[in-house]
Every structure is written in structure tokens, then in C-alpha cells.
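Given next are the chains, with one letter for each unit.
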Amino acid sequence: MIKFIQPRLITFDVTGTLLMTKLEEYYAEIGSQHGLSVDQRKLARSFKNSFQRLSLEHPIYGKHTGIGWENWWRQIVYNVFKDQHSCISDATLNKVANSLIRCYGTSMCWHKYPGTIELLEYLQKRGLILGVISNFDERLEAILEDTRIRFYFSFVLTSYDFGMEKPDTSIFHEALRLTKERHNIDVAPQQAIHIGDSISNDYLGAKNSNWNAFLIQHNNDSVNEKKVPTKDVFRNLRDLRIHLSTLLDRDM
């Protein structure tokens, strides 16, 4: 039996892990405020396609291509609404984009998953260092403040600020460096756990950095057991907290 190494650092992804959003509803609601009706199913497809295309053309929210995160998101909004309103004016598009960018920088468009506070409280009380590693833009600090969970984390490491994104191993190495800088503690990769909802970005990104990892699947999607063992997959944060408590408390 492999000996369990007590962790010293646990990091989290944010979107789809700790915080959720009802993207179709918010886009439709804000669109309607400006006189635009939308088909939410078509909107979801448009958003996914536009997000994927822009991520290839301007990676890391346009960090290195000069457009910057705000114009990156503005282009997403333009594409999504033009797919359903080809004659929409630039003035209206700008108003919709401004409203959505503002909303997504606050708790208005973000909500905590059930069990988020209980999990973070438990880990903090156990004396673990907590951090965030997220493929996100500059708004994340403000979002975590507004959703009242920022104070749990020693650091918030975003792909936009760092200039590289998960699953690149350099962002996981940077998390260890930040831990050393802020706590004067050398944490080995084997003493770190990353928790997220993406198999490639979070689970495999952490594993390839020699970290431990757990996968959260709130939507109950099936998971390829060849990529992620069943023992590392959790359907909600409550179950994950129970599992972590059995690991962390076993030597007490």
C-alpha cells in the first residue's frame, strides 16, 4: 500500500469548481435589457464556438497578442449576439458588452457551489495553505472578494497575470514558488493537491507536475477511467470534504 503523504498546499480552480454561473440566462437577460431577444440554446453554441476560436487566435485572453482581456470578452459578446441579430448596431453591442463585462466582474453573475464554504473552512482549520490556480483574467481577485471567499487563499494565480495557462507545468511550479515566498516553506510537488473540473487543464496538468489531484464533476458527466481513476472523481464538494477528512485525520 502506498504511504499517504500529508499535503501542505491545496489549490483550486474557480469556474466550474468553486463558483458557477448561468451563462445563457445572464446573456439573455442583459440582452433583453437592450431590446434583444435570444434563443438560449443557440446562444450556448455560439458562445462555445466563439470561445474556442478566440482561445486559439488570442490565447490567455489576448495577453500576448495585444488585444487584452476586455477586448477579448467584448469580441465574444459581439459574436454571440451577431449570430442572432445580424443587423445589430455597434452602439447596442457596446452597451451589452459593457453590462456583461461589468456583471462578470462581480458576484452578480457568480454563485458558490453548495459545500464551498464548508470545504474551505475545514481545510483552513486544518492549517493547510490554500491557493487558486485559474485560467482567468484580471477580474478574479475582485470576484473572489465579492463572493466572500478571497480571504481563504494565500494567493490567487491567474493565467493572465502569469502569462502561461494550465495545463502548462510552469503555472504549478509558480504556485510552489509563491508558497515559498509568502510562507517561507518549501512544499514538494508530492505535498500539493490541485482540485478542478477540467481533466486536461486541472487533473492532468497537476499530475504532469507531479502533484496530487482530484476532479470535480458537478454536472455528473462520465469520466474516462483510463485518464482519471474513479477514486479521484467527486460529484460535489461535500463528498470531497468527507474524503479529504478521512485522509487528513487518519494520523490524528
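Each remark here, short or long, concerns the structure printed above.
Residues numbered from 1 in each chain as written. Predicted model: local features only at pLDDT ≥ 70, side-chain atom pairs only at ≥ 80, totals over all residues. Heavy atoms only, no water.

It is worth spelling out the overall build of the protein at this point. When helices and strands are tallied, the protein shows 11 helices and eight strands. Since a compact globule built from 252 residues should have a radius of gyration of about 18 Å, the 19 Å found for the protein is in line with a globular shape. On the principal axes, the C-alpha backbone points of the protein span a range of 65 × 35 × 35 Å. Burial analysis of the protein (252 residues in total) assigns 48% to the buried set. A total accessible area of about 12,600 Å² is found for the protein, and carbon and sulfur atoms account for 49% of it. Between the centroid of the 31 positive side chains of the protein and the centroid of its 30 negative side chains there is a distance of 2 Å. (Helix = DSSP H or I, 4+ residues; strand = E, 2+ residues; numbered from the N terminus. Rg over C-alpha atoms; globule rule 2.2 N^0.38 Å. Buried < 20%, exposed > 50% of the residue type's maximum accessible area, 1.4 Å probe, protein only. Areas by Shrake-Rupley, 256 points an atom, 1.4 Å probe, with all protein chains shown as cover. Lys, Arg positive; Asp, Glu negative; His and termini not counted. Charge placed at Lys NZ, Arg CZ, Asp CG, Glu CD.)

Within a regular strand, the side chains alternate between the two sheet faces. Within strand 6 (residues 192–196), five of the five residues are buried, which leaves the element mostly enclosed by the surrounding structure. Every second residue of strand 6 is oriented toward a common face, with Ala192, His194 and Gly196 on one face and Ile193 and Ile195 on the other, all of them buried. As paired elements, strand 1 (residues 9–12) and strand 6 share four bridges and run parallel to each other. For Phe12, the partnering residue across the bridge sits in strand 6 and is Ile195. (Pairing = 2+ DSSP bridges.)

Phe12, Tyr27, Phe81 and Leu123 are the most contacted members of the largest nonpolar core, which totals 61 residues. Considering every element that reaches this core, the biggest residue donor is helix 4 (residues 68–82), with eight residues. Setting aside residues no more than four positions away along its own chain, Tyr27 makes contact with Leu43, Phe47, Trp73, Ile76, Val77, Val80, Phe81, Leu100 and Tyr104. The next biggest cluster of nonpolar side chains, apart from the first, holds 20 residues, and it includes Leu157, Ile171, Tyr203 and Ala213. (Core = buried A, V, L, I, M, F, W, Y, C linked by side-chain atoms within 4.5 Å. Contact = heavy atoms within 4.5 Å.)

Now for the packing of aromatic side chains. Each aromatic ring pair is described using two quantities: the centre-to-centre distance and the angle formed by the ring planes. Under the defined criterion, the tally for this structure stands at 17 aromatic pairs. When the centroid spacing of 5.3 Å and the interplanar angle of 85° are considered together, the rings of Phe51 and Trp72 count as edge-to-face. Of this pair, Phe51 sits in helix 2 (residues 40–57) while Trp72 sits in helix 4; the two residues are 21 residues apart in sequence, bridging distant segments of the chain. Overall, the relative accessible area of 26% leaves Phe51 in the partly exposed class. Owing to a relative accessible area of 1%, Trp72 belongs among the buried residues under this scheme. Here the aromatic cluster, defined as three or more aromatic residues joined through ring pairs, consists of Tyr26, Tyr27, Phe47, Phe51, Tyr61, Trp72, Trp73, Phe81, Tyr104, Trp110 and Phe136. The ring of Tyr160 has Lys63 sitting right over it, with the charged end atom 5.0 Å from the ring centre. (Phe/Tyr/Trp six-rings, centres within 6.5 Å; stacked < 30°, edge-to-face > 60°. Lys NZ or Arg CZ within 6 Å of the ring centre and 35° of its normal.)

Here we take up helix 9 (residues 169–183). A rise of 1.5 Å per residue sets the reference length of helix 9, with its 15 residues, at 21 Å; its end C-alpha atoms lie 22 Å apart and thus fit the reference within 8%. Just past helix 9, the residue Asn184 takes up positive phi, approximately 55°. (Expected span 1.5 Å × (residues − 1).)

Read from one edge of the open sheet, six strands run 5-4-1-6-7-8, paired in parallel fashion. Two strands in the sheet have a free side with no partner beyond their single neighbour: strand 5 (155–158) and strand 8 (233–234). Relative to strand 4 (residues 129–134), strand 1 runs parallel, the two sharing four bridges. Paired with Phe12 across the bridge in strand 4 is Val132. Of the strands in this sheet, strand 1, strand 4, strand 5 and strand 6 touch helix 9, which is tilted by about 155° from strand 5. Lying over the sheet, helix 10 (residues 199–208) contacts strand 6 and strand 7 (212–216), oriented at roughly 165° with respect to strand 7. (Axes fitted to C-alpha atoms, helices over the stretch in contact; angles between N-to-C directions.)

For helix 2, with 18 residues, the first-to-last C-alpha span of 25 Å sits near the 26 Å given by 1.5 Å per residue. Residues of helix 2 that are buried: Leu43, Ser46, Phe47, Ser50 and Leu54. Seen from one end, helix 2 has its buried residues packed into an arc of 105°, which puts them on one side. In helix 2, those exposed residues whose orientation departs by more than 90 degrees from the buried face are Arg41, Arg45, Lys48 and Leu56. As for helix 2, its buried residues are in contact with helix 1 (23–33), helix 3 (59–62) and helix 4. Of the residues flanking the start of helix 2, the one acting as N-cap is Asp39, its side-chain oxygen 2.9 Å from the backbone nitrogen of Arg41. (Arc of directions from axis to C-beta. Polar contact = N/O pair within 3.5 Å; in protein donor to acceptor, adjacent residues only side chain to side chain.)

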